Structure formats: structure tokens, C-alpha cells
Amino acid sequence: MFIPVSPVSAPCVDYAAPGRLRRLALTAASPLLLLILPMALAALHGERLPGRIYFGHLAIGTEHALTWRGWISQPQFGVALWSEALLVLPFLSHWRLPQVQRVLVIVGFTFGAPILVSGVLWTLKPVQPPWSTPAEIICTVVAAAVGYRAAGTLPRPPEATAAPPPYVPTMALRSGQRAMFVTSTWSARRLLTSAVLAGFTVWNASRGADVWQLTALLALWTALEVAQARTRLQIDGSGVTVRFLWLPALRRTVPYPSVRFAEAMSEAPPGRYKLSTGVEGWGIVSGKGPALVLALADGRRFVYSTSEAETAAALVNGWLSRERQGGTASC
Amino acid sequence: MLITVDPSSAQPLADQVAGSVRAALAGGMARPGDRLPSARTVAAALGINLHTVLRGYQQLRDEGVVELRRGRAAVITGTADQFRLQLSAAADEFAKAADHAGASEEEALAAVREALRAIRA
């Protein structure tokens, strides 16, 4: 029996508050480098610098007087504003998602690294050395790692302790009984998106684009879309795990303490459910049809399209009931 | 596909693994062409020995239910006998219920014969 689509009734818990302002400040800091560093360079080495210097791939004129009007007429001012908006607006829209905030800190650091490297190189040597691009790439990778560390430890998500409600399907699991459920799904939409992105990536690389970051980003995006085209859902004693069959190292697990209960719905609930956690939750939705829906302790959902949603939901609730009603769940 | 084992059951674990796959096929949860999860995955998820899972898979291969190839996933064959599997799954369920009720083999078989006679009369 499928349960009709209903809104998640649990209150959305703001567990992201600890460290949020710090993550916001770190995210917003990088684009400011684009304003501060050229100004500092011009102030310190104005006479030694050529008429035009490059930060990343952005040309900046140095002949302007050090006035506010002079600097806001520079192209980097607009770029910095756009970059700030591109980082801060997603942060604000994911105000309660510390995982997304950490990713934005990393993106910010990655964006700031080439600017910082260019600034340092211009300070040391007014003519750019031939190894400046490899130096930028290495520093970008290091900056991503530093960004991850700087974001700090993320707050722990809330945990559910109550047994599933009586109206959801529940499989009776005997004490000591072990069970696993496996199913996989295809997404034609993801495959199509991957093909289009792969085309863009090849086209961008073949035209000799000098912005390597764009090619790398497109390639990464393509790989992620391909990985999401075929996924496998596994339910066992450790929780509910989504694995990418073509990138098996990539997986995401919902541990049982994060789950309030599971439902089988005749179709995925409204909202955007993707690999990354969104406002409504996350998951893999491939077209219309039944879906396993987990009500999570933080008020969001996990959704996975499968024709065997009823069995999957019953097994999850079976695990939860046994664990939370004093059973001896193992495995 | 749902695979369950109960270490406290008298039935060997390998038979339980094979029985789960048969039940999935009989119940329509698995279809010819579907891949079984790798033996390593099943062993890790259920906390049982890899060779136990492989023995279960070999039983299914011997019955012609799955095709096993070295280094590749076990695939459910198109020739899997749906009727025999359904019968086997129903018999498994009945055997479990009879065992749970404490019936002897003769009593269980007599109950089946009686039920069949009643239906066909």
C-alpha cells in the first residue's frame, strides 16, 4: 500500500548555527582579495609595475591614481562584486545546511588562491615567470584543502530516538536476524545532461581556452552527472547508502539515527532532490513512479525512486523499530 | 532485492541466501537479466563469510537460476523456472510456519495433502 504524498510535518531544526558566521566570513573573504591586493600592490610598487598587471586572467590597469573613483572604474571591481554575490547568495539560501556552507568556503578559497599567487608573483617579479600557471594549479589544490580545514568541524545533525509511527509499513525482524536490500536505478535525464556537458568540455578544451579552471570545472561536473546516471541503493545494518555504480568510491550514507521513519510513496514528493543536500533534502529521483522517502531528523527528506519502495521502506522501519524498542539490532 | 539470514535458524546460512534470491524471483522483485549484489557486498552487509554467500550463489547456479562468471556479477538467467520458484518459496514459507508451530514432518505433510484434497474436491 502506497501512502499518498504528504508534507513533512517535523519542524526544521537549525542545527547549523554553531560556526555559521565564521563560515560566512571565510566564504565572503576571497573576492575581497581582488579589490585589496591590486590596491596594495599599486600602493607599494606603483612605479615598478607595468601599466597592466594580471590577476588570474583579469587585466588591471595600474596607472590610475589611488582614488576610490579610479578603482571602481576598474573591471575587477565588478568581478569582485559578482563573485561576492555568487558565493554569498547560495550561502544565504542554504542557511541551515553546514555541508553546503563548507563547500562554499572551499570554492571561495579555490577562487582566491590564483589571485593571491598572482599578487605574490607580481610583488616578487614584475614579469610573470613561465611556471606561474602550474604554481596557480598547485596553490588552488592546496587552497581547497586549507578551505576544508578552515571551515572547521561541522555541527552534528540532530538524532531521532522515537520508533516509527504505526501507519508506516514495517517488516518484522527477529532478534539477531540480518537483512539487506539492494536495488539500482537509471536516470535518462542525467545521461543526457552528461552527454551535453561532455560535449561542452571537449569543445572548451579543443579551442585552447586559457582559463583552465573552467575546463576543470566542466570536466568535474560531467563526471558527477555521469556518476549519478546509474546509482545503487543499499539498506543494511549501517543505514541507507547510495552508491554511484560508475564511481563506486563516491557514496553517501544516511545513518539510522538520522531517520525518523520511512514511507513508500506513489511518486516522489514535490521539490528538488539531488546528490547535494537542498532545502527539501536530497536523493535520486528518476522520473515518475514510486519512491522511498525517509523523513529525516532535521526535518528534511531523503528520496530514492524505486519500484520496490514498499519493501525498502518496510525494511528501514523494521530496523528502526527493533533498535528503538529495545531490540538487539546488530550487523 | 531483499536478502535475509538468521544465524539462530537451523537452516544453513548459504541456503538462506539462496532462498532469499528465489523468493525475490518468485515474488517478482527480481527479473531475468537482473544482477545479484556481489558476494563480497552481501557478506560485508550481513556479517557472514564470503564463502557462505558463494555457496548460496553456487546452489542457484546449479539450479540454473543464475549465471556465474569469474570476475563478473551473478546474473539471473532468462530460463529461471518461475513456477518451480513460486512453489519453492511457498513451500519455504509453509515449512517455516510448521516448524514454528512445532509440527513434525509427517504432520506437516499430512496438512499439505489435506489442504490440496480440500481445494481439488
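Everything below is about the structure printed above this text.
Residues numbered from 1 in each chain as written. Chains lettered and ligands numbered in written order. Predicted model: local features only at pLDDT ≥ 70, side-chain atom pairs only at ≥ 80, totals over all residues. Heavy atoms only, no water.

A. Molecular detail of the interface of chain B and chain A. The interface of chain B with chain A comprises 15 residues on the first partner and 16 residues on the second. Both sides of the chain B and chain A interface together cover about 1,400 Å² of buried area, and 54% of this is carbon and sulfur. Area buried by chain B at its contact with chain A is led by Met1, Leu2 and Ala45 of chain B, which between them contribute 32% of it. Linking chain B with chain A are one salt bridge, by the criterion used here. A salt bridge links arginine 174 of chain A to aspartate 6 of chain B; the shortest N-O distance between them is 3.0 Å. On the surface where chain B and chain A come into contact, there are seven residue pairs in polar contact (both at pLDDT 80 or more). Of all the secondary structure elements, the ones that give two or more residues to the side of chain B that touches chain A are strand 1 (2-5) and helix 2 (39-46) of chain B. (Contact = heavy atoms within 4.5 Å. Buried area = accessible area lost by both parts, 1.4 Å probe. Salt bridge = Lys/Arg side-chain N within 4 Å of Asp/Glu carboxyl O. Polar contact = N/O pair within 3.5 Å; in protein donor to acceptor, adjacent residues only side chain to side chain. Helix = DSSP H or I, 4+ residues; strand = E, 2+ residues; numbered from the N terminus.)

B. Quick peek at the pairing of strand 7 (residues 259-265) of chain A. All names here are of chain A. With seven of seven residues buried, strand 7 is to be regarded as a mostly interior element. Examined bridge by bridge, strand 7 and strand 9 (residues 291-296) share six bridges and lie antiparallel to one another. The residue bridging alanine 262 from the neighbouring strand is leucine 294, located in strand 9. (Buried < 20%, exposed > 50% of the residue type's maximum accessible area, 1.4 Å probe, protein only. Pairing = 2+ DSSP bridges.)

C. Representation of the environment of leucine 320 of chain A within the structure. All names here are of chain A. Looking at where leucine 320 falls in the secondary structure, it is placed in helix 8 (residues 309-324). The sequence separation of leucine 320 and alanine 262 amounts to 58 residues, and the corresponding C-alpha distance is 9.3 Å. With near-sequence residues (within four places) excluded, leucine 320 lies in contact with Pro164, Tyr256, Val259, Arg260 and Phe261.

D. Looking closely at the sheet that holds strand 7 of chain A. Residue and element names in this part refer to chain A. What the four strands build is an open sheet, ordered 7-9-10-8; its pairing is mixed. Each of the sheet's edge strands pairs with one partner strand only, and the pair in question is strand 7 and strand 8 (281-284). Adjacent strand axes in the sheet meet at a mean angle of 15°, parallel and antiparallel pairs treated alike. Here strand 9 pairs with strand 10 (residues 301-305) via five bridges, running antiparallel. The residue bridging leucine 292 from the neighbouring strand is tyrosine 304, located in strand 10. (Axes fitted to C-alpha atoms, helices over the stretch in contact; angles between N-to-C directions.)

E. Just a nonpolar patch on the surface, in detail. The grouping of Leu21, Leu89, Leu92 and Trp95 of chain A at the surface amounts to a nonpolar patch, some 410 Å² of accessible area in total. As for its position among the elements, leucine 89 of chain A is in helix 3 (residues 75-93). (Patch = residues over 30% accessible without salt bridge, like charges linked within 9 Å, V, L, I, M, F, W, Y side chains within 5 Å. Areas by Shrake-Rupley, 256 points an atom, 1.4 Å probe, with all protein chains shown as cover.)

F. Focus on the nonpolar core. If you look at the biggest cluster of nonpolar residues, it comprises 29 residues, and the most contacted ones within it are Leu233, Ile235, Leu292, Leu294, Phe302, Leu315 and Val316 of chain A. Within the residue set of this core, elements represented by two or more residues are strand 3 (178-186), strand 4 (230-236), strand 5 (239-244), strand 7, strand 8, strand 9, strand 10 and helix 8 of chain A. Sort the elements by how many residues they give to this core and helix 8 of chain A lands first, with eight residues. Beyond its immediate stretch of four places on either side in the chain, valine 316 of chain A contacts Ile235, Val240, Tyr256, Val259, Ala262 and Leu294 of chain A. Within the second largest apolar cluster, 28 residues are counted, among which are Val5, Leu25, Leu36 and Ile48 of chain B. (Core = buried A, V, L, I, M, F, W, Y, C linked by side-chain atoms within 4.5 Å.)

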